[in-house]
Amino acid sequence: EPAHPSTSPAPAAPGTVIGDPAFAVEVLGVHKSFGALHVLDGVDLRVRRGEVTVILGPSGSGKSTLLRAINHLEKVDKGLILVDSEPIGYRRKGTRLHELSEREILHQRAKVGFVFQNFNLFPHLTVLENVIEAPRSAQRRRRDDVVAQARSLLAAVGVADKADAYPRQLSGGQQQRVAIARALALNPAVILFDEPTSALDPELVGEVLEAIRALAGQGRTLIIVTHEIGFAREVADSVVFMDAGVIVEHGTPSQVLDHPRHERTRAFLSKVL
Ligand code: ADP
Ligand code: MG
């Protein structure tokens, strides 16, 4: 039966605690279809605070849709997603959940940083303006504070000298490092990366992975969709293998990459390794 979250916030799995503070992100029994295509077919995923989770899977398996749902860029059909114990798209009122307004959604979306494959910087804004835009508009923070933070974040990813340049004047690797600084500027509970290096020329991949590696070392909560298996092995606390809208396997890098239990995981790894 359709368990719409506004009438039934209970997740699919029995015994599941709603809003467990140990987790930055909880995806609970999530389904999503586009027309007849069932893209997320009952996804359960919990990400502990400070952990790096890498998601692997073939093209079309639902990885981007899952990340977009966590950031409220897609509305799920069934199930519930919590970020920082807050239900995405809803406000709690007693035991009931009420749908958020557009304005409230923008505010809530700022809890999640998103780094896209194609950088998605605003072309008409300078690098500095790109970084301060969401903290100013969605979080309504003071300009002085946000600018100071933005400059220090740009320095941390090695593009301090590009603050007044426009995105088109930067290399792909520099643009992606600006996008990482922009995500950090929200002070998000989690940062989602959707194939952050797949649009880059091979010689620029390393500098972006280096910036992500630094975040992992700072104890940030990260969810990274990538085909960089070596990088996954090095930075991930857990690795998820998705196929056809379900999580097939979820474990330590060694469990999933070296001792996969499912044939589908083995078949995928034999192609990408
Ligand atoms: P992945 O990121 O693992 O490659 P996606 O989540 O992008 O997979 O897509 C999963 C499936 O959903 C694909 O078949 C894709 O074509 C389809 N899909 C994604 N977004 C939409 C959309 N907005 N409308 C229709 N189909 C979509
Ligand atoms: Mg994708």
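Residues numbered from 1 in each chain as written. Chains lettered and ligands numbered in written order. Predicted model: local features only at pLDDT ≥ 70, side-chain atom pairs only at ≥ 80, totals over all residues. Heavy atoms only, no water.

- The name given to the chain in an unreviewed UniProt entry is ABC transporter related, with the source organism recorded as Nakamurella multipartita.

### Regarding the overall build of the chain
Okay, so step 1: Of regular secondary structure, the chain possesses nine helices and 12 strands.
Okay, so step 2: Whereas a compact globule of 273 residues would reach a radius of gyration of roughly 19 Å, the chain reaches 19 Å, a difference of no more than 12%.
Okay, so step 3: The principal-axis extents of the C-alpha atoms in the chain amount to approximately 55 × 50 × 35 Å.
Okay, so step 4: Every one of the 273 residues in the chain was classed for burial, and the buried ones make up 51%.
Okay, so step 5: Here the contacts in the chain between residues at least 6 apart in sequence split such that 64% fall between residues at least 24 apart.
Okay, so step 6: Total accessible area on the chain stands at roughly 12500 Å², and carbon and sulfur atoms take up 50% of it.
Okay, so step 7: Averaged over its 32 positive side-chain charges, the chain has a centre that lies 5 Å from the centre of its 32 negative ones. (Helix = DSSP H or I, 4+ residues; strand = E, 2+ residues; numbered from the N terminus. Rg over C-alpha atoms; globule rule 2.2 N^0.38 Å. Buried < 20%, exposed > 50% of the residue type's maximum accessible area, 1.4 Å probe, protein only. Contact = heavy atoms within 4.5 Å. Areas by Shrake-Rupley, 256 points an atom, 1.4 Å probe, with all protein chains shown as cover. Lys, Arg positive; Asp, Glu negative; His and termini not counted. Charge placed at Lys NZ, Arg CZ, Asp CG, Glu CD.)

### Remarks on the packing of aromatic side chains
Okay, so step 1: A complete count under the given rule lists two aromatic pairs for this structure.
Okay, so step 2: The ring of phenylalanine 122 is capped by arginine 182, whose NZ or CZ atom sits 5.4 Å from the centre of that ring. (Phe/Tyr/Trp six-rings, centres within 6.5 Å; stacked < 30°, edge-to-face > 60°. Lys NZ or Arg CZ within 6 Å of the ring centre and 35° of its normal.)

### Let's talk about the UniProt feature "domain: ABC transporter" (unreviewed entry) in the chain
Okay, so step 1: The feature "domain: ABC transporter" (unreviewed entry), as given by UniProt, occupies residues 25-269 in the numbering adopted here.
Okay, so step 2: In residues 25-269, helix accounts for 37% and strand for 28%; the two terminal C-alpha atoms are 26 Å from one another. (UniProt positions renumbered as here; feature names shortened; annotations may be inferred.)

### A look at the packing of helix α3 (residues 127-137) against helix α4 (residues 143-156)
Okay, so step 1: Interaxial distance between α3 and α4 falls to 9 Å at its minimum, and their mutual angle equals 130 degrees. Between α3 and α4, the angle is such that the two are oblique. Between α3 and α4 the crossing geometry is right-handed. Where α3 approaches α4, its residues Val127, Leu128, Val131, Ile132, Pro135 and Arg136 are matched on the opposing element by Arg143, Val146, Val147, Ala150, Arg151 and Leu154.
Okay, so step 2: Grouping the constituent residues of the contact of α3 with α4 by class yields nine nonpolar, no polar and three charged. (Axes fitted to C-alpha atoms, helices over the stretch in contact; angles between N-to-C directions. Parallel < 35°, antiparallel > 145°, perpendicular 65-115°, else oblique. Left-handed = near helix turned anticlockwise from the far one by under 90°. Nonpolar A, V, L, I, M, F, W, Y, C, P; charged D, E, K, R; others polar.)

### Section: the site of ligand 1
Okay, so step 1: In the neighbourhood of ligand 1, the contacting residues comprise Phe34, Leu37, Val39, Pro58, Ser59, Gly60, Ser61, Gly62, Lys63, Ser64 and Thr65.
Okay, so step 2: Contacts to ligand 1 include serine 61, whose backbone N or O atom sits 3.1 Å from an oxygen atom.
Okay, so step 3: Considered on its own, ligand 1 offers 560 Å² of accessible surface; in the complex 59% of this is hidden by protein.
Okay, so step 4: Contributing elements (two or more residues each) for the shell around ligand 1: β2 (37-48) and α1 (63-70). (Near = heavy atom within 4 Å. Polar contact = N/O pair within 3.5 Å; in protein donor to acceptor, adjacent residues only side chain to side chain.)

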